[in-house]
Amino acid sequence: MTELILIISLIFQYLSVPQEYVFPHEVKFVERHSYEDFDAEVMLQRNGPDTWQRVVMVIPRDAADGPCPAVVVPFYFPDAMLGFDILTGEALPRYAGIEMMAHLAKRGFICISAESYHLTYCPDSGKPRDDFSRWQDAADALLTDWPQWCGIGKLVADTRLLIDILESDPRVDNDRIGIAGHSLGGKMAFYTGCVDPRIKAILASDFGLLWEQTNWEKPWYWGDRLEELKAAGACNTDLWEYSGFKPFFLIAGEADNDDSRKALSAAMPRDCKTLFFLNHATGHRPPGYALEKGYDFLEKYLK
């Protein structure tokens, strides 16, 4: 237990928001769009002293019947989690099949997502939003301004702001908030779900639980801090233990595999019944049946 406390203390040393990173909590409503299964509300939320994140919140048609369960769906582009561009109505085939917000709204969940900090921390970079180098630029700027912080810490901080919006909305049942994400969104979902007690269940798809499974060393995640974590014997299962082994469904496919399950199983008590695992082994993108199993898991713990 002492070793875990030391490891968690080290993780939070870099994960936590710097004390000087202070800004007023503010949300501006922008517009509302209506669709067959849900309404989509677009907002701007302050996520730093000089920055704002664009937020999309989806409300199912039956939300008026009473407070609904809700799911935070972190990703770098919220419209992708709907499968179309809200402003133009244009389909986004690149994200076909993983439109988690649209899927969950049809199951009666209020959902929320936002642009990630590669777009918000350097909003005037002049580069197209799909230019991957924006991640490096934003991470470099963040670490220059806040060298005591790290990229994954910023991702978690911005995601937790979305929970603040849900908590303040009377349409949301605050005792039934979960989180779900794929790939980068899976990283954000796992970390935020483990550290924020307001999240009751975590669904993550192929984010690479183990250090060697994906690019945790990139500056927009842990960067140089990763070697210090490795030297201390830290691993991501420590965060799940810190959460009290919160209900967690991991969809594996490429980055995650049976090694992920073995690591999670080794970390949890023998009588723990909160781990759910599915390895579709068909590549990085989850097939529909795998996501449906994940959504069933969220219904089990949030409805």
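Our subject in this report is the structure included herewith. (Residues numbered from 1 in each chain as written. Predicted model: local features only at pLDDT ≥ 70, side-chain atom pairs only at ≥ 80, totals over all residues. Heavy atoms only, no water.)

Topic: the overall build of the protein
Our working definition: In this text, helices come from DSSP runs of H or I with a minimum length of four residues, and strands from runs of E with a minimum of two, each type numbered from the N-terminal end. For the radius of gyration, the atom set is restricted to C-alpha positions; the globular benchmark scales as 2.2 Å times the number of residues to the power 0.38. Only protein chains enter the calculation, and the probe is 1.4 Å; a residue is then buried if its accessible area is under 20% of its type maximum, exposed if over 50%, and partly exposed in between. In short, Shrake-Rupley with a 1.4 Å probe defines the accessible areas, and a residue's cover is counted only from the protein chains shown. Note on charges: Lys and Arg go in the positive column, Asp and Glu in the negative column, and His and the chain ends are not counted at all. Throughout, a charge is located at the NZ atom of Lys, the CZ atom of Arg, the CG atom of Asp or the CD atom of Glu.
When its secondary structure is counted, the protein shows ten helices and nine strands. For 303 residues, the compact-globule estimate of 2.2 N^0.38 gives 19 Å, and the protein sits close to it at 18 Å. Over its C-alpha atoms, taken along the principal directions, the protein stretches across nearly 50 × 45 × 35 Å. With 303 residues in all, the protein has 57% of them scored as buried. When the accessible area of the protein is evaluated, it comes to approximately 12,700 Å², of which 51% is carbon and sulfur surface. Of the charged side chains in the protein, 30 are positive and 45 negative; the average position of the first set lies 3 Å away from that of the second.

Side note on the side chain of Q213
Under the convention used in this document: Here a polar contact is taken to be a pair of N or O atoms separated by no more than 3.5 Å, where protein atoms must pair a possible hydrogen donor with a possible acceptor and residues adjacent in sequence count only if both atoms sit in side chains. In what follows, residue pairs with any heavy atoms lying within 4.5 Å of each other are defined as contacts.
Its place among the elements puts Q213 in the loop between strand 7 (202-205) and helix 7 (225-231). For Q213, the side chain forms a polar contact with the main-chain nitrogen of L210, separated by 2.8 Å. Side-chain polar atoms of Q213 contact the backbone oxygen of A255, separated by 3.4 Å. Not counting chain neighbours up to four residues away, the residues in contact with Q213 comprise G208, A255, D256, N257, D259 and S260.

Quick notes on the packing of aromatic side chains
The following threshold applies: Classification of ring pairs uses Phe, Tyr and Trp, with its six-membered ring standing for Trp, and accepts pairs whose centres are within 6.5 Å; under 30 degrees between planes counts as stacked, over 60 as edge-to-face, and the remaining range as tilted. Should the NZ of a Lys or the CZ of an Arg lie within 6 Å of a ring centre and within 35 degrees of the ring normal, that charge is described as sitting over the ring.
One pass over the structure, following the stated rule, counts 29 aromatic pairs. With centroids separated by 5.2 Å and ring planes inclined at 90 degrees, the aromatic side chains of Y21 and W146 adopt a geometry described as edge-to-face. Of this pair, Y21 sits in the loop between helix 1 (2-15) and strand 1 (27-34) while W146 sits in the loop between helix 4 (133-145) and helix 5 (151-167); the two residues are 125 residues apart in sequence, bridging distant segments of the chain. We classify Y21 as buried; its relative accessible area is 7%. The class for W146 is buried, based on a relative accessible area of 15%. Relative to W135, the ring of Y117 has its centre 6.0 Å away and its plane inclined at 85 degrees; by these criteria the two rings are edge-to-face. Residue Y117 is located in helix 3 (residues 117-120), and its partner W135 is located in helix 4; the two are separated by 18 residues in the primary sequence. Accessibility assignment for this pair places Y117 and W135 in one class, buried. Here the guanidinium or amino end of K187 rests over the ring plane of W216, the centre of that ring lying 4.8 Å away. Taking NZ or CZ as reference, K303 lies 4.7 Å from the ring centre of F109, over its face.

Things to note about unusual backbone geometry
With a phi angle near 45 degrees, D206 is a residue other than glycine that sits in the positive phi range. Within the fold, D206 resides in the loop between strand 7 and helix 7. We classify D206 as buried; its relative accessible area is 1%. Backbone geometry places F245, a non-glycine residue, at a positive phi of 55 degrees. Take F245: it is sitting in the loop between helix 8 (237-242) and strand 8 (248-252).

Considerations on the packing of helix 5 against helix 6 (residues 184-195)
Helix-helix packing: each pair is described by the crossing angle between the helix axes and the interaxial distance. Here is the rule we go by: Helix axes are fitted to C-alpha atoms over the stretch in contact, other axes to C-alpha atoms as well, and angles between N-to-C directions run from 0 to 180 degrees. If an angle is under 35 degrees, it is roughly parallel; if it is over 145, roughly antiparallel; if it lies from 65 to 115, roughly perpendicular; otherwise it is oblique. Nonpolar residues are Ala, Val, Leu, Ile, Met, Phe, Trp, Tyr, Cys and Pro. Charged residues are Asp, Glu, Lys and Arg, and all others, Gly as well, are polar.
Look at helix 5 against helix 6: their axes get within 9 Å of each other, and the N-to-C directions meet at 70 degrees. The angle between the axes of helix 5 and helix 6 places the two elements in the roughly perpendicular class. Two secondary-structure elements touch here, helix 5 through I152, L155, V156, T159, R160 and I163 and helix 6 through L184, M188, Y191, T192 and V195. Partitioning the contact of helix 5 with helix 6 into residue classes produces eight nonpolar, two polar and one charged.

Considering the state of the cysteines
Our working definition: Disulfide: a pair of cysteine sulfur atoms within 2.5 Å of each other.
Evaluation of the coordinates by the stated rule reveals zero disulfides. Here C111 is not cross-linked by a disulfide; its sulfur's nearest cysteine counterpart is in C68, at 10 Å. A relative accessible area of 0% means that C111 is categorised as buried. Counting only cysteine sulfurs, C194 is the nearest neighbor of C272, a cysteine outside any disulfide, at a range of 12 Å. Looking at C272, the relative accessible area reads 14%, which means it is buried.

Observations concerning helix 1
Spelled out, the test is: One less than the residue count of a helix, multiplied by 1.5 Å, gives the span that helix is expected to have. Each direction from the helix axis to a C-beta atom contributes to the arc, which is the arc of those directions.
An ideal rise of 1.5 Å per residue puts 20 Å on 14 residues; helix 1 measures up with 20 Å between its terminal C-alpha atoms. Within helix 1, burial applies to L4, I7, I8, L10, I11, Y14 and L15. Looking straight down helix 1, one finds its buried side chains confined to an arc of 155 degrees; they lie on one side. What points out from helix 1, more than 90 degrees from its buried face, is the exposed set T2, I5 and L6. Buried residues belonging to helix 1 abut helix 5, helix 6, helix 7 and helix 8.

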